[in-house]
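Inside the fold
Here is what each chain is made of, one letter per residue.
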Amino acid sequence: MTVELGNGRAPSDSAPERVAAAMAAAANAWLGTLSQDQTHFALYGSPLDPRAESERLRWFYTPTNHGGLAIRDQSAHQQGLAMRLVATGLSKAGFATVATVMGLENVLDQVEGWRTDWGRERGRDPGLYWLRVFGRPGDPVWAWRFGGHHISLNNLVVENRLVSTTPCFIGADPAKTGLLGGSLSPLGGAEDHARQVARGLSARQFQQALLHPTAVSDIVSGNRPRVRDGDTMMHMQDLWRDRFADPALARLVDDIDRRAEEGSGYTEDDHVRLAITVPPRGISARDLDEEQRAGIRRLLALYTGRAPEALTTVYETRFAAEDVLDEVHFGWAGSLAAGEPHYYRLQGPTILIEYDNTQRHANHAHSVWRNPTSDFGLDVLAEHRAATAH
């Protein structure tokens, strides 16, 4: 979401500027420790350069090479500085969630019997999360990206202001796992609260919200750089940086996609029914009572609350506005029973949230927060280019 405080430029001591300053300091501290070989991977061209911008808009949530310098290829000191930069782009709760998802790679490795390799030395590797900076921190335009399996964070700074924090993807596999004396569910709050919102609808309202009686097997927007009217779910084969040269891995991906489609029972017509549309499908917050609207606001906050605490008021103020909330639609697909496959969507002119928990017997969750009008800060970047061209 592009961060704006009212109309026009924000004051010089605005939250977007304070966060951008913290990001620049952390990024420079990290870059300053890297060798020439490490810098080759970590530091890319400016977003103003077409080749670098093409790379910046490529993002993933599969266990593919996300581009940049991997955590495992850094010293312990460098790893700490890398994670310090990651933390500047998240709230404390958001950072804890991301760190937990990274650690879940060890648990997933065990769940899969230590067999998955994805054509690399270790298929499920908590060290295979990549950090890349685009442009020099402190330049008029620069950006950074952090990602690996089930994580993608994308931030753009223009004129010393953080202007975009989306796409922001967080997943979890397993979505819920046992602990001694309890359980771990990194996205459990976002799942449970959405279910409460859906259950709080009347029968008539729920029929308006129901997108499909069964759940689609993945988020619909996929890892597209831009979301457009009519987009349908991307299939597994298209969610990787490169096609697999190894026939065995190619067959594995095909098999995963086939089993997911069989599990959902979806046909092409079903995927069209779940397509992203403008105007959105589902029930508008305009048609909800105050308690139900408060539930939508709380659900939105579980996603915008991923952003640094300094920006919390910005997002809360935005969706506190009645006319803005009126444009948000809530949609549900699948079962309302806990532990059963389901999918939900929140969509408005400047926000798209998707969540699915369908794979691995509804114990593998994906969630994404996007801004259809300004993912990657493309609108602000276009304005900057136009202003500096004169």
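Along each chain, residue indices are assigned from 1 in the same order as the chain's sequence is written. Confidence filtering applies because this is a predicted model: local features only for residues at pLDDT of at least 70, side-chain atom pairs given and counted only at 80 or more, and all residues used for totals across whole chains, interfaces and linings. Side-chain metrics in this entry use all non-hydrogen atoms of the structure; hydrogen atoms and water are not considered.

Some points on helix 8 (residues 247–264)
- Here helix 8 spans 26 Å end to end across 18 residues, near enough to the 26 Å set by a 1.5 Å rise per residue.
- Throughout this description, buried means an accessible area under 20% of the type-specific maximum (1.4 Å probe, protein chains only), exposed means over 50%, and partly exposed covers the range between. For the purposes of this entry, the term helix denotes a DSSP run of H or I that reaches at least four residues, the term strand denotes a run of E that reaches at least two, and both are numbered from the N terminus. Listed as buried for helix 8 are Leu-249, Val-253, Ile-256, Asp-257, Ala-260, Glu-261 and Ser-264. Relative to the axis of helix 8, the buried residues are bounded by an arc of 130° and lie together on one face. Exposed and oriented more than 90 degrees from the buried face of helix 8 are Pro-247, Arg-251, Glu-262 and Gly-263.
- Looking at the buried positions of helix 8, the neighbouring elements they touch are helix 9 (268–273).
- For helix 8, the capping residue at the N-terminal end is Asp-246, with a side-chain oxygen 2.9 Å from the backbone nitrogen of Ala-248. Here a helix's expected span is defined as the number of its residues, less one, multiplied by 1.5 Å. Directions from the helix axis toward the C-beta atoms define the arc. Should any heavy atoms of two residues lie within 4.5 Å, those residues are considered in contact. Contacts described as polar in this section are N or O atom pairs within 3.5 Å, which, within protein, must combine one atom able to donate a hydrogen with one able to accept it, while residues neighboring in sequence count only if both atoms come from side chains.

Regarding the side chain of Ser-264
- The residue Ser-264 is located in helix 8 in this model.
- Side-chain polar atoms of Ser-264 contact the backbone nitrogen of Tyr-266, separated by 3.2 Å.
- Beyond its immediate sequence surroundings of up to four residues, Ser-264 is in contact with Thr-214, Ala-215 and Ser-217.

Re the nonpolar core
- Take the buried residues of types Ala, Val, Leu, Ile, Met, Phe, Trp, Tyr and Cys, join any two whose side-chain atoms come within 4.5 Å, and each joined set is a nonpolar core. Judged by nonpolar contacts, the single largest core of 69 residues is most densely connected at Trp-30, Trp-144, Phe-146, Ile-296, Phe-330 and Tyr-344.
- No other element matches the nine residues that helix 1 (residues 15–31) contributes to this core.
- Apart from residues lying up to four places away in sequence, Trp-30 is in contact with Ala-42, Leu-69, Gln-74, Gln-78, Leu-81, Ala-82, Leu-131 and Val-133.
- Among the nonpolar cores identified, the runner-up in size contains 16 residues, and Ile-219, Trp-240, Val-253 and Val-368 belong to it.

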